[in-house]
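Observations on the three-dimensional arrangement
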Amino acid sequence: MTLLTTQDLEIGYGRRPVVRAGELTVAPGCGIRVTGDNGSGKSTLLATLAGALAPVRGRCLRLAPWAWVPQVGGLAPDLPTTLGELVDLAGGATHDALAQVGLGDRQRQPWSRSSGGERQRALLARALASRPRLLLLDEPDSHLDPATRQLLAACLEAHRAGGGTWIAVLHGALSVPETAVWRCHQGQVHHEPG
């Protein structure tokens, strides 16, 4: 079974390609780390795979339930919502998802009074609440301290061990097993075994 596949994919903004991804295929049970220098197209690739950005050329087919965790810095710091209400938007088990990321007792905490790390974990909980087969994560480890990085690693490994797949741009060193690396370099996505 395939969870995601791309065909002749070129990504970027407007008509100018930034990265040529070509043909990518993602199966269940994978952990894929996306790496590359700043400005190499990592976040652009994730946004395109998530459907938030249209391809310049080619197509991306998501063939299973999926969820996207964007960079927390792209969201307004004064959203008029609580962490629980944000997770509720996914339509899943809100309390369980918040508990999984260590926020089980903060369901009523306002987004505006939450730290960057709490916001990041709430976005992960929102994604997990929908029980996706495929998780697309753009720097989910930003704003996290060492203890919550370990919690994130455990969540990703549990997702993969359960037959799910994650594809993540990781901000720093995160101790989580990966099955492959997609390296964005000189306008191309290079697939390397993990």
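Quick caveat, the model's predicted, so the values are computed rather than measured. (Residues numbered from 1 in each chain as written. Predicted model: local features only at pLDDT ≥ 70, side-chain atom pairs only at ≥ 80, totals over all residues. Heavy atoms only, no water.)

**Quick word on the packing of helix 4 (residues 116–129) against helix 5 (residues 146–161)**
How we decide: The convention used is that axes are lines fitted to C-alpha atoms, helices contributing only their stretch in contact, and that angles between N-to-C directions extend from 0 to 180 degrees. Strands here mean DSSP runs of E at least two residues long; helices mean DSSP runs of H or I at least four residues long; both are numbered from the N terminus. For classification, angles of less than 35 degrees are called roughly parallel, those exceeding 145 degrees roughly antiparallel, those between 65 and 115 degrees roughly perpendicular, and all remaining angles oblique. For any pair of crossing helices, the crossing counts as left-handed if the nearer helix is rotated counterclockwise from the farther one by less than a right angle, and right-handed if it is rotated clockwise. The criterion used for residue contact is that any of the two residues' heavy atoms lie within 4.5 Å. By the convention adopted, Pro, Cys, Tyr, Trp, Phe, Met, Ile, Leu, Val and Ala count as nonpolar, Lys, Arg, Asp and Glu as charged, and the other residues, Gly among them, as polar.
It is the contact of helix 4 with helix 5, at a shortest axis distance of 12 Å, that shows an interaxial angle of 15°. In terms of orientation, helix 4 and helix 5 fall into the roughly parallel class. Along this stretch, helix 4 crosses helix 5, giving a crossing that reads as left-handed. Note on element contacts: helix 5 touches helix 4 through T148, L151, L152 and C155, opposite R121, L124 and L128. Along the lines of polarity and charge, the residues of the contact of helix 4 with helix 5 split into 5 nonpolar, 1 polar and 1 charged.

**Structural notes on helix 5**
Since the α-helix turns once every 3.6 residues, residues separated by three or four places project in the same direction. Under the convention used in this document: Helix span, as expected, comes to 1.5 Å for every residue beyond the first. For the exposure calls, accessible area comes from a 1.4 Å probe over protein chains only, and a residue counts as buried if that area is under 20% of its type's maximum, exposed if over 50%, partly exposed in between. What the arc covers is the set of directions going from the helix axis to the C-beta atoms.
End to end, helix 5 covers 22 Å across 16 residues, agreeing with the expected 22 Å (1.5 Å per residue, within 8%). When we look at burial in helix 5, the residues that qualify are T148, L152, A153, C155, L156 and H159. In a view along the axis of helix 5, the buried residues occupy a sector of 160°, so they form one face of it. In helix 5, those exposed residues whose orientation departs by more than 90 degrees from the buried face are P146, A147, Q150 and A161. Contact partners of the buried residues in helix 5: helix 3 (94–100), helix 4, strand 7 (134–138) and strand 8 (165–169). Positive backbone phi, at 95°, marks G163, one or two positions downstream of helix 5.

**Things to note about the nonpolar core**
Applied cut-off: Among the buried residues, those of types Ala, Val, Leu, Ile, Met, Phe, Trp, Tyr and Cys that are joined through side-chain atoms within 4.5 Å form a nonpolar core.
One finds L124, L135, L137 and L156 to be the most contacted residues of the largest nonpolar core, which totals 30 residues. Per-element accounting of this core gives the leading share, 7 residues, to helix 4. Leave out the neighbours within four places in its chain, and L135 touches A67, A127, L128, L156, H159, T165, W166 and I167. With 23 residues, the next largest nonpolar core counts A21, L45, L46 and V169 among its residues.

**Topic: the pattern of salt bridges**
Spelled out, the test is: Just to be clear on terms, a salt bridge is a Lys or Arg side-chain nitrogen sitting within 4 Å of an Asp or Glu carboxyl oxygen.
Considering all chains together, one arrives at 9 salt bridges under this definition. In this structure, E178 engages R33 in a salt bridge whose closest nitrogen and oxygen atoms are separated by 2.5 Å. Taken together, the residues span a long stretch of sequence, with E178 in the loop between strand 8 and strand 9 (180–185) and R33 in strand 4 (residues 31–36) at a distance of 145 residues. Measuring nitrogen to oxygen at the nearest pair gives 3.0 Å for the salt bridge that ties E192 to R183. Members of the salt-bridge network, linked through shared partners, are D8, E10, R20 and R57.

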